[in-house]
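These are the residues of each chain, in order.
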Amino acid sequence: MDKLLKNAFKMQIQSKEGFEFEEFINELFLLKYGVDDYIPIRRNKDQGNDGTVLSEQKIMACYAPRKYSKVDFETKVLGAKNKEGDFEKYQKNWKDKYPNWEMYVNHEISPDQLNIIQGLDGTNSIKGIDQLLSIIDELVSSKKRKLTAYLGIENFFIQDYIQDIINDLLNASGEED
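Think of each chain on its own: its residues are numbered from 1, step by step along the sequence as written. Residues qualify for local features only when their pLDDT is at least 70, as the model is predicted, and side-chain atom pairs are given and counted only at 80 or more; totals for whole chains, interfaces and linings, by contrast, use all residues. Side-chain metrics in this entry use all non-hydrogen atoms of the structure; hydrogen atoms and water are not considered.

Visitor: I tried to follow the pattern of salt bridges on my own but got confused; where do I start?
Guide: Opposite charge on two side chains permits pairing when their charged atoms draw close. By salt bridge we mean one thing: a side-chain nitrogen of Lys or Arg within 4 Å of a carboxyl oxygen of Asp or Glu. Enumeration over the complete set of coordinates arrives at eight salt bridges. Lys127 serves as the salt-bridge partner of Glu102, at 2.9 Å between the closest nitrogen and oxygen. Here Glu102 is found in strand 6 (residues 100-105), whereas its partner Lys127 is found in strand 7 (residues 123-127), with 25 residues between them in sequence. Accessible area is worked out with a 1.4 Å probe on protein chains only. A residue is then buried under 20% of its type maximum, exposed over 50%, and partly exposed in between. By relative accessible area, which is 5% here, Glu102 ends up buried. You can call Lys127 partly exposed: its relative accessible area is 24%. For the salt bridge of Asp137 with Lys144, the shortest nitrogen-to-oxygen distance reads 3.6 Å. The buried category is assigned to Lys144, whose relative accessible area is 10%. A cluster of three or more residues bridged by salt bridges with shared partners is formed by Glu56, Lys58, Glu102 and Lys127. Starting at the N terminus, helices and strands are each numbered in turn, a helix being any DSSP run of H or I of at least four residues and a strand any DSSP run of E of at least two.

Structure follows, in structure tokens:
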């Protein structure tokens, strides 16, 4: 993936907040795992589950604020006095059947976020913008094209794809000499 396409993906992902980010994650993982292995979960009253990867026995949670705040992140994950956090909901509703829990964020992971997630009981991880870009880069071309259409950045994909074809042709002609 060339730098222009990668930056276009990055800007679009970082601009997604709240449910828009959750919808993007659903689109990405439906492309990655397919409809038989990835189950998107409804937005409200999801019991701490924003999506399920059956083959990995994994429950996913999403966090995409307009602006990152350690306190807000802690509340989202751990809860507060009158609010149950996503991890607590996961432990209560899903952990027995799905032992893996993963948090996805629309930005670079902060040391605070990593420490909070690593401090949780069980098999947990956090993935940020860099990991999301890596997942996208691993998609086959046709799925990557669908994702660019979903995000409205098809022109960047077309430029990247044409550049790959030109490079392949130039490399092939150089091999015959």
